[in-house]
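Next come the chains, spelled out residue by residue.
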Amino acid sequence: MALALAACSQGGEAPEPAIPDESLTQSPQPAASVDLTETVSDTRDLLLRYAAQGSLTRLERLADQSDGFISNFNGQPHREFWDLLRRTGLDPNLKLRQLLDQAPGVRMVDEERWYVWPALAARDANELIPEKLSFQERKELRELIGDDGIDSIRAGKGYPGMRTAIAEDGRWVYFVLGLDGEE
């Protein structure tokens, strides 16, 4: 038995203790707060008011006033798409309110600052790999997109869940739900 143990030893040198990566030795830090510009805040408030009223017509008008606005990846008119969602049991007004009640993130797109809800949707796919996130962010990501969404991110795709964005100039940029077949 002693011979077997001696064969497994590493000789006379003691192993060096493993030193954890610096990021693992720091206390968890709260996510950086994002301050909205006045124009972004005004658009957010308007969206929340229309969504609270349940008005797809007003949301459609605002979307139509926003150059290049995207509500779906199938090319359907916004109102037609949102009506379809409502008829299938998914309330776009409720989903929009839920998104805008979360903390936003910031993303630069073509030298323009976009405020994105939820904050995790503002990140690149390579930044969303769970092992690169804090425990709290991992939990939030799993709640937002589930295991299938995380598998999609691991496959190199971007954030697959529901999201919305407002450009720094107050223009509503998109409100997409990340449904199957939508991308």
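Remember, it's a predicted structure, so these values are computed and weren't measured experimentally.

Turning our attention to the packing of helix α3 (residues 38-53) against helix α6 (residues 92-100). Here α3 crosses α6 at 145°, and the two axes come no closer than 8 Å. The crossing of α3 and α6 is left-handed. Along its contact with α3, which presents Arg44, Leu47, Leu48, Tyr50, Ala51 and Ala52, the element α6 presents Asn93, Leu96, Arg97 and Leu100. Broken down by class, the residue content of the contact of α3 with α6 amounts to seven nonpolar, one polar and two charged.

Mapping Arg163 onto the fold places it in strand β3 (residues 163-167). Using a relative accessible area of 9% as the deciding quantity, one classes Arg163 as buried. Reaching out from Arg163, the side chain makes a polar contact with the backbone oxygen of Gly161 at a distance of 2.4 Å.

What counts and how
- Residues numbered from 1 in each chain as written.
- Predicted model: local features only at pLDDT ≥ 70, side-chain atom pairs only at ≥ 80, totals over all residues.
- Heavy atoms only, no water.
- Axes fitted to C-alpha atoms, helices over the stretch in contact; angles between N-to-C directions.
- Helix = DSSP H or I, 4+ residues; strand = E, 2+ residues; numbered from the N terminus.
- Left-handed = near helix turned anticlockwise from the far one by under 90°.
- Contact = heavy atoms within 4.5 Å.
- Nonpolar A, V, L, I, M, F, W, Y, C, P; charged D, E, K, R; others polar.
- Buried < 20%, exposed > 50% of the residue type's maximum accessible area, 1.4 Å probe, protein only.
- Polar contact = N/O pair within 3.5 Å; in protein donor to acceptor, adjacent residues only side chain to side chain.

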